[in-house]
Amino acid sequence: MSAAAPTLSDWHNRLAGQFIVFDGPDGSGKSTQFHRFSDFATNRGLTVCEVREPGGTLIGEEIRHVLLDHRHVDLDVRAEMLLYMASRAQLVAERIGPALGRGEMVLADRFVSSTLAYQGAAGGMDLDDIRAVARVACGAVSPHLIVIFDVTPETAASRLNPLLDRMEAKGAAYHRRVREGYLAQAREQPGQYLIIDANGDANTVWNALIEAMARRYAVK
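A brief look at the structure comes next.

Thresholds, definitions, all that
- Residues numbered from 1 in each chain as written.
- Predicted model: local features only at pLDDT ≥ 70, side-chain atom pairs only at ≥ 80, totals over all residues.
- Heavy atoms only, no water.
- Helix = DSSP H or I, 4+ residues; strand = E, 2+ residues; numbered from the N terminus.
- Rg over C-alpha atoms; globule rule 2.2 N^0.38 Å.
- Buried < 20%, exposed > 50% of the residue type's maximum accessible area, 1.4 Å probe, protein only.
- Contact = heavy atoms within 4.5 Å.
- Areas by Shrake-Rupley, 256 points an atom, 1.4 Å probe, with all protein chains shown as cover.
- Salt bridge = Lys/Arg side-chain N within 4 Å of Asp/Glu carboxyl O.
- Core = buried A, V, L, I, M, F, W, Y, C linked by side-chain atoms within 4.5 Å.

Let's shift gears to the overall build of the chain. When helices and strands are tallied, the chain shows 8 helices and 5 strands. What you see in the chain, going N to C, is helices and strands ordered as β-α-β-α-α-β-α-α-β-α-α-β-α. Relative to a compact globule of 220 residues, whose C-alpha radius of gyration would be 17 Å, the chain shows 17 Å and is just as compact. Dimensions of the chain, computed from the C-alpha atoms along their principal axes, are close to 65 × 35 × 30 Å. Within the chain, the fraction of its 220 residues that count as buried is 49%. Long-range pairs, those at least 24 residues apart, make up 80% of the contacts in the chain between residues at least 6 apart in sequence. Put simply, the chain shows about 10600 Å² of open surface, and 54% of that area lies on carbon and sulfur atoms.

Structure representation (structure tokens):
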């Protein structure tokens, strides 16, 4: 007898063992939705491994400090990319890989998709070069789903803290290229990406996220 098809009411049961990335431009509100979704999953009995980038480990947090410090305005884009990848390699080895091995849901605030958008589309680095370094840094570990919180540059700018970090302070043209970089990734790999309109208030975005996730995980 065949198993019953999954329904919209039990889709969250299929999140165990999934590696899900929340990503998007600065000011997209993804971190708010990240914490809300983590609580949602935990409250339904899932074990959730939360990680953020750059950082998430002792070594990664040291690298994060370098990357976001305003004193390092002359940081070359290649060095910038490699620092992000170094933090990511440690995160995969120390936390993401082991958590997936235990069957936990891994929820990441940014991953390789960020590097492709920021150092690639906006920073001018060749995307194939970034992907090659990512294969070294991450090995066979790759997200099952990348959720992009898409927002207009105007809305994003209105949400940012006036005390911008080094990456947030790169200017409007740079951040427009970042947004297009994310959208281009989703166009190229629609099966791995999910776009959420993040221009509304937090509850509107949350409802859109849950509806989209339910549709995604209710389909075999």
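Let's shift gears to the side chain of Q192. If you trace the backbone, Q192 turns up in the loop between helix 7 (172-188) and strand 5 (193-197). The contact partners of Q192, leaving out residues within four places of it in the chain, are S142, P143, H144, L145, I146 and R216.

Scanning all chains against the criterion turns up 11 salt bridges. The salt bridge partner of E61 is R52, with a shortest N-O separation of 2.8 Å. Overall, E61 belongs to the partly exposed group, its relative accessible area being 30%. Residues R179 and D150 are paired through a salt bridge, measuring 2.8 Å at the closest nitrogen-oxygen approach. Of this pair, R179 sits in helix 7 while D150 is found in strand 4 (residues 145-150), placing the two residues 29 residues apart along the sequence. Within this structure, D23, D26 and R110 form a network of salt bridges that share partners.

To continue, consider the nonpolar core. One finds F19, V51, I96, V106, F111 and V178 to be the most contacted residues of the largest nonpolar core, which totals 31 residues. If you list the elements that add at least two residues to this core, you get strand 1 (19-23), strand 2 (48-52), helix 3 (77-101), strand 3 (105-109), helix 4 (112-122), helix 5 (127-138), strand 4 and helix 7. In this structure, V106 is in contact with Q18, F19, I20, C49, V51, I96, A99 and L100, ignoring residues within four places of it in sequence. Counting 27 residues, the second-largest nonpolar core is a separate cluster that includes F40, L46, F149 and A212.

Honestly, that's just the spatial picture; any functional story needs more than this.
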